[in-house]
Amino acid sequence: MELYLDTADVAAVKRLARIFPLAGVTTNPSIVASGKKPVDILLPELREALGSKGRLFAQVMAPQAEQMVEDAKKLRAIISDLVVKVPVTAEGLAAIKLLKEEGIPTLGTAVYGASQGLLSALAGADYVAPYVNRLDAQGGDGIQTVNELQQLLKLHAPGAKVLAASFKTPRQVQDCLLAGCESITLPPDVAEQLITAPAVSAAVAKFEQDWQNAFGVAGL
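Note that the structure is a prediction, hence the values are computed from the model and not measured.

Visitor: Outline a nonpolar patch on the surface, supporting the account with residue identities and numerical values.
Guide: Judged by side-chain polarity, Trp-211, Phe-215, Val-217 and Leu-220 come together as a nonpolar surface patch covering roughly 500 Å² of accessible area. With respect to the element layout, Val-217 can be found in the segment after helix H11 (198-215). Since its relative accessible area comes to 41%, Val-217 is described here as partly exposed.

Visitor: Got a sec to walk through the packing of aromatic side chains? Specific residues and values, please.
Guide: The final tally for this structure, using the stated rule, is 4 aromatic pairs. Here the aromatic rings of Phe-57 and Tyr-127 are separated by 5.5 Å at their centres, their planes lie at 75°, and the arrangement is edge-to-face. In this pair, Phe-57 is assigned in strand S3 (residues 55-59) and Tyr-127 in strand S6 (residues 127-130), connecting sequence segments 70 residues apart. Per residue, the accessibility class of Phe-57 equals that of Tyr-127, and both read buried. Ring centres 4.5 Å apart and planes at 50° place the aromatic pair Trp-211 and Phe-215 in the tilted group. One end of the pair is Trp-211 and the other is Phe-215, both in helix H11 and 4 residues apart, which spans about a single turn. For Trp-211, a relative accessible area of 34% puts it in the partly exposed group. In textbook terms, an aromatic cluster arises when at least three aromatic residues are bridged by ring pairs, as seen for Tyr-4, Phe-57 and Tyr-127. Over the aromatic face of Tyr-131 sits the side chain of Arg-134, whose NZ or CZ is 4.5 Å from the ring centroid.

Visitor: I'd like a description of helix H3 (residues 39-49), backed by residues and values.
Guide: Those residues of H3 that fall on the buried side of the exposure criterion are Leu-42, Leu-43, Leu-46, Arg-47 and Ala-49. The arc enclosing the buried residues of H3, seen along the axis, measures out at 160°, which places them on a common side. Phi turns positive one or two residues past the end of H3, at Gly-51, with a value near 80°.

Visitor: Please provide a residue-by-residue account of the packing of helix H5 (residues 90-101) against helix H6 (residues 114-123), values included.
Guide: In contact at an axis separation of 8 Å, H5 and H6 are set at 25° when each is read in the N-to-C sense. In terms of axis orientation, H5 runs roughly parallel to H6. Helix-helix and strand crossings are classified by hand; for H5 and H6 the assignment is right-handed. Two secondary-structure elements touch here, H5 through Leu-93, Ile-96, Lys-97 and Lys-100 and H6 through Leu-119, Ser-120 and Ala-123.

Conventions used here
- Residues numbered from 1 in each chain as written.
- Predicted model: local features only at pLDDT ≥ 70, side-chain atom pairs only at ≥ 80, totals over all residues.
- Heavy atoms only, no water.
- Patch = residues over 30% accessible without salt bridge, like charges linked within 9 Å, V, L, I, M, F, W, Y side chains within 5 Å.
- Areas by Shrake-Rupley, 256 points an atom, 1.4 Å probe, with all protein chains shown as cover.
- Salt bridge = Lys/Arg side-chain N within 4 Å of Asp/Glu carboxyl O.
- Helix = DSSP H or I, 4+ residues; strand = E, 2+ residues; numbered from the N terminus.
- Buried < 20%, exposed > 50% of the residue type's maximum accessible area, 1.4 Å probe, protein only.
- Phe/Tyr/Trp six-rings, centres within 6.5 Å; stacked < 30°, edge-to-face > 60°.
- Lys NZ or Arg CZ within 6 Å of the ring centre and 35° of its normal.
- Arc of directions from axis to C-beta.
- Axes fitted to C-alpha atoms, helices over the stretch in contact; angles between N-to-C directions.
- Parallel < 35°, antiparallel > 145°, perpendicular 65-115°, else oblique.
- Left-handed = near helix turned anticlockwise from the far one by under 90°.
- Contact = heavy atoms within 4.5 Å.

Structural data, given as structure tokens:
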């Protein structure tokens, strides 16, 4: 299973890379814009924050397939092994096919349906990113979509992986993993919620207090 952070916060990546077994960092245009750093500065900083290892993802911005390919090449000139995110639109599918021919790895993004996601995998995408929480917010079922997409990929495009995105709660994360999702990307706050529960803090505090009472010292 691959765990990614979905962020442009370099400090958060550096802090959490020390704790979590991160496979890398994903970004999107909105995330990059929120940090106000151009990608040619941001992406190398993210790679450094990961300890100069791990996979990075960044998204094309052009509306037409041929221009998306040019965007992809510009991004790969910054980080040579970067995975290029391409929205799964009609032009995006055409771009994924072209990028596949050139050996450039892609992720089909902005996926709101299992069949849509399958098409990106059949076009050549290495990863497919369904939006779990956004689907829920629109009255859909994000986890069900992940389930259906997992089944479709297993049957028809076994070389592609689901990389689920758009999470707001640890429960969504757990349900997604139980559905067999091989990769997930989490915003830093949701990642931190996985290991910060009041009951855990209370238990650790109790251990420390009992030890201090018995032996008069805080450590071993």
